[in-house]
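Residue-level structural notes
The chain contents come next:
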Amino acid sequence: MLQLKINGMPTELVEALRNGEMDANGMRPERYVSDGSSLPCRHCLNTVAKGEEYIAFAYRPFPEPQLYAETGPVFLHASNCDAYSLHQSIPALTLKGEPRIVRGYNSQHRIVYGTGKIVEPENILDYARNVFENPQVSYLHVRSSTNNCFTFRVDRVV
């Protein structure tokens, strides 16, 4: 069976944003304190707990702007957290949530047409394995189906 790796945001970028670097829109991240509502950290892929500080900013999970490079709002713990490490399983936070948009991209970071679908959280890995049967697909993004926020990236383990 094809092995998959689930990745949150890269730690190097996370640290830069926590230190006040500009986001995808050229703005500094905004700081808040969680009220306990569902605020998913896109690095550790856990919830920001009530009373914890977090940052909000625009994230474009692509190397450069281009017509398929979607940008959306995301959150991070304001303090250090470990990168997600249970790479072969869907994060618990995602499993409790809404259906997700799953979409394949090629090595030029363009959408591979026919790969985008709204998928129930418990079916994401099965759907990802099916999409990766297409040799044009280099990686997948999983995004919110209601707010289009980046949730995580899925890669083949080679």
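Along each chain, numbering runs from 1 in the same order as the chain's sequence is written. Only residues with pLDDT of at least 70 get local features here, since the model is predicted, and only at 80 or more are side-chain atom pairs given and counted; chain-wide, interface and lining totals rely on the full set of residues. Hydrogens are left out, water is left out, and the side-chain values use all remaining heavy atoms of the structure.

**Brief notes about the pairing of strand 5 (residues 100–105)**
Think of it in three bands: with a 1.4 Å probe and only protein chains considered, a residue is buried below 20% of the maximum accessible area for its type, exposed above 50%, and partly exposed in between. Put simply, DSSP H or I for four residues or longer makes a helix, DSSP E for two residues or longer makes a strand, and each gets a number counted from the N terminus. Of all six residues in strand 5, six are buried; the element is thus mostly enclosed. Residues Arg100, Val102 and Gly104 point to one face of strand 5 and Ile101, Arg103 and Tyr105 to the other, with burial holding for every one of them. For two strands to be treated as a pair, DSSP must find at least two bridges joining them. When strand 5 meets strand 6 (residues 117–119), the two strands line up antiparallel, connected through three bridges. Opposite Val102, over in strand 6, you have Lys117 as the bridge partner. With six bridges connecting them, strand 5 and strand 7 (residues 139–144) associate as antiparallel partners. Looking across to strand 7, one finds that Ile101 is bridged to Arg143.

**Observations regarding the pattern of salt bridges**
A side-chain nitrogen of Lys or Arg and a carboxyl oxygen of Asp or Glu constitute a salt bridge if their distance falls within 4 Å. Under the counting rule described, the total for this entry stands at five salt bridges. A salt bridge links Arg31 to Glu53, with the nearest nitrogen and oxygen atoms 3.5 Å apart. Pair noted here: Arg31 is in strand 2 (residues 30–33) and Glu53 is in strand 3 (residues 53–59), with a separation of 22 residues, a long-range link. Look at Arg31 and you get partly exposed, because its relative accessible area is 46%. Look at Glu53 and you get partly exposed, because its relative accessible area is 44%. The salt bridge partner of Glu70 is Arg143, with a shortest N-O separation of 3.8 Å. Placement of Glu70 in the loop between strand 3 and strand 4 (72–77) and of Arg143 in strand 7 is noted, with a sequence separation of 73 residues between them.

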